[in-house]
Amino acid sequence: MGSASLYMERYSGSDDIAGLIEESWNAIDVLMDDLVSWLDTQIKQEKGYSTLRQFLNKNFRQDLKNLRLYMFQLKTLGIVM
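Residues numbered from 1 in each chain as written. Predicted model: local features only at pLDDT ≥ 70, side-chain atom pairs only at ≥ 80, totals over all residues. Heavy atoms only, no water.

### Quick look at the overall build of the protein chain
Formally: What counts as a helix is a DSSP run of H or I of at least four residues, what counts as a strand is a run of E of at least two, and both are numbered from the N terminus. To sort residues, take the accessible area from a 1.4 Å probe on protein chains only and compare it with the maximum for the residue type: under 20% means buried, over 50% means exposed, and anything in between is partly exposed. Whether two residues touch is decided by their heavy atoms; if any such pair falls within 4.5 Å, the residues are in contact. Computed with the Shrake-Rupley method and a 1.4 Å probe, the accessible areas treat only the protein chains shown as cover for residues.
Check the secondary structure of the protein chain and you find 2 helices and 0 strands. Expressed as a percentage of its 81 residues, the buried residues of the protein chain come to 16%. For the protein chain, the share of sequence-separated contacts (at least 6 apart) that also reach a separation of at least 24 residues comes to 59%. Surface summary for the protein chain: the accessible area is close to 6900 Å², and the carbon and sulfur share equals 57%.

So, in structure tokens, the structure goes:
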């Protein structure tokens, strides 16, 4: 059936990939918490805000984390700098 191999060199930076991803996700959580808190003070009374708030807290937060993971994968493959 064949074989496959991968060789990758790291010239600098951390070799703790899981830690880097976790750090990124924590930053996204802080960003989203701050955004939702700020929106609570600005548009909490608007019609439909509870739906927006739920979307931001769940779906959009997860979308940002997934986007960060995709960006990391592309960078690892050398597609994006």
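### Topic: the packing of aromatic side chains
Applicable threshold: For Phe, Tyr and Trp, where Trp contributes only its six-membered ring, two rings pair if their centres lie within 6.5 Å, and the inter-plane angle classes them as stacked under 30 degrees, edge-to-face over 60, or tilted in between.
Evaluated as defined, the whole model comprises 1 aromatic pair. Here Phe-55 and Phe-60 contribute two aromatic rings whose centre-to-centre distance is 6.0 Å and whose plane-to-plane angle is 35°, an arrangement assigned as tilted. Residue Phe-55 is classed as partly exposed on the basis of its relative accessible area, which comes to 38%.

### Notes on the nonpolar core
Rule in force here: We call a set of buried residues a nonpolar core when its members are Ala, Val, Leu, Ile, Met, Phe, Trp, Tyr or Cys and they connect through side-chain atoms within 4.5 Å of each other.
Core analysis: the biggest nonpolar cluster contains 7 residues, these being Ile-28, Met-32, Val-36, Leu-39, Tyr-49, Leu-56 and Leu-64. Contributions of two or more residues to this core are made by helix H1 (17–43) and helix H2 (49–76). Ranked by residue count, the leading element in this core is H1, at 4 residues.

### Considering a nonpolar patch on the surface
Which entries qualify depends on this criterion: Patch building starts from residues that exceed 30% relative accessible area and form no salt bridge, then joins like charges within 9 Å and nonpolar side chains (Val, Leu, Ile, Met, Phe, Trp, Tyr) within 5 Å. Salt bridge, as applied in this entry: a Lys or Arg side-chain nitrogen positioned within 4 Å of an Asp or Glu carboxyl oxygen.
A cluster of nonpolar side chains, contributed by Leu-52, Phe-55 and Phe-60, occupies part of the molecular surface with about 230 Å² of accessible area. Following the sequence through the fold, Phe-60 ends up in helix H2. A relative accessible area of 30% means that Phe-60 is categorised as partly exposed.

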